[in-house]
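# Structure at a glance
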Amino acid sequence: MTLQLRTRCVFLGAPGAGKGTQAKRVAAEAGIAHISTGDMLREEVRSGSALGAEAKTYMDAGKLVPDQLIIDMVKARVERPDCKAADGSSAWILDGFPRTLPQAEALDQSLTGADALTHVISFAVPEDVLMGRLTGRRTCSKCGAIWHIEHNPTKQDGVCDKCGGELTQRSDDRPEAIGKRLEVYRSQTAPLLAYYGDRGVLREIDANRSPDVVFQELLNAMQ
Ligand code: AP5
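Residues numbered from 1 in each chain as written. Predicted model: local features only at pLDDT ≥ 70, side-chain atom pairs only at ≥ 80, totals over all residues. Heavy atoms only, no water.

### Some remarks on the packing of aromatic side chains
Taken as a whole and assessed by the stated rule, the structure comprises two aromatic pairs. When the centroid spacing of 5.0 Å and the interplanar angle of 55° are considered together, the rings of F11 and F123 count as tilted. A residue pair is termed long-range when its members are at least 10 positions apart, and F11 in strand β1 (residues 8-13) and F123 in strand β4 (residues 119-124) qualify at 112 residues. Of the two residues, F11 and F123, neither departs from the other in class, the shared state being buried. Geometrically, the ring pair formed by Y195 and Y196 is edge-to-face, given 5.0 Å between the ring centres and 90° between the ring planes. Accessibility classification places Y195 together with Y196 in one group, the buried group. Across from the ring centre of Y195, 3.6 Å away, lies the NZ or CZ of R199, which sits over that ring. (Phe/Tyr/Trp six-rings, centres within 6.5 Å; stacked < 30°, edge-to-face > 60°. Helix = DSSP H or I, 4+ residues; strand = E, 2+ residues; numbered from the N terminus. Buried < 20%, exposed > 50% of the residue type's maximum accessible area, 1.4 Å probe, protein only. Lys NZ or Arg CZ within 6 Å of the ring centre and 35° of its normal.)

### What about the side chain of T37?
Note on placement: T37 falls in helix α2 (residues 37-47). Within the local environment of T37, its side chain forms a polar contact with the backbone oxygen of G96, the two atoms lying 3.1 Å apart. In contact with T37, other than residues within four places in its own chain, are I70, M73, V74, D95, G96, F97 and R99. (Polar contact = N/O pair within 3.5 Å; in protein donor to acceptor, adjacent residues only side chain to side chain. Contact = heavy atoms within 4.5 Å.)

So this is what it looks like as structure tokens:
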């Protein structure tokens, strides 16, 4: 593997752009932490915590949960030992964070010089493709693997190829919630492209190609 140990990367993109699919794969390849704020919130919901109950009302409606809640959650997460590379520096992929300007500013403030962001990758996919990706997505309830009923189906309907777990559909992958999530992306998250573009760390990739081609391009972009 030729990725730098000290990768601190943000994956930016609309719902369904393929951030989670690729973040799992790149993180496994590079041996660094994959931090998905969506997965963390869904875990809170599953655990029945007060935070999970609060977050669920926003998530099911396709809205963003409040900034401070997410910022505190990510700050605590990046302190965990799996976010440190062998040489002691921080190494992680942030998937789904930041997605508002206040979140991006909080991230900047928390990263000191030596631990600054190394890459921000924007996943470009036309909006008409995203709806089909999201309505057809299925997720393993046991290992979290991401599948698609047409683009990446399992051998047996409803059963994960990797671990035999049951596949489920996310409660925010209904057409009404997807519409709201896309609207929220356009108004609150897309402005981050200019924010990171101005800082010279942004790289856009065409993510409307096969997962293997996107993966290779990501590895090239993150060398
Ligand atoms: P989150 O879980 O982060 O959802 P999202 O950003 O809407 O992104 P998705 O997980 O839907 O899409 P993805 O880009 O990861 O695509 P995937 O790889 O799965 O957030 C959920 C909610 O939590 C938010 O709405 C919000 O309420 C809350 N939240 C989270 N973070 C927050 C924050 N920072 N601030 C506030 N609130 C926050 O792929 C999708 C499908 O496409 C899959 O079926 C996959 O198999 C398929 N696919 C992937 N790549 C390809 C390809 N190249 N070709 C064909 N199919 C593909």
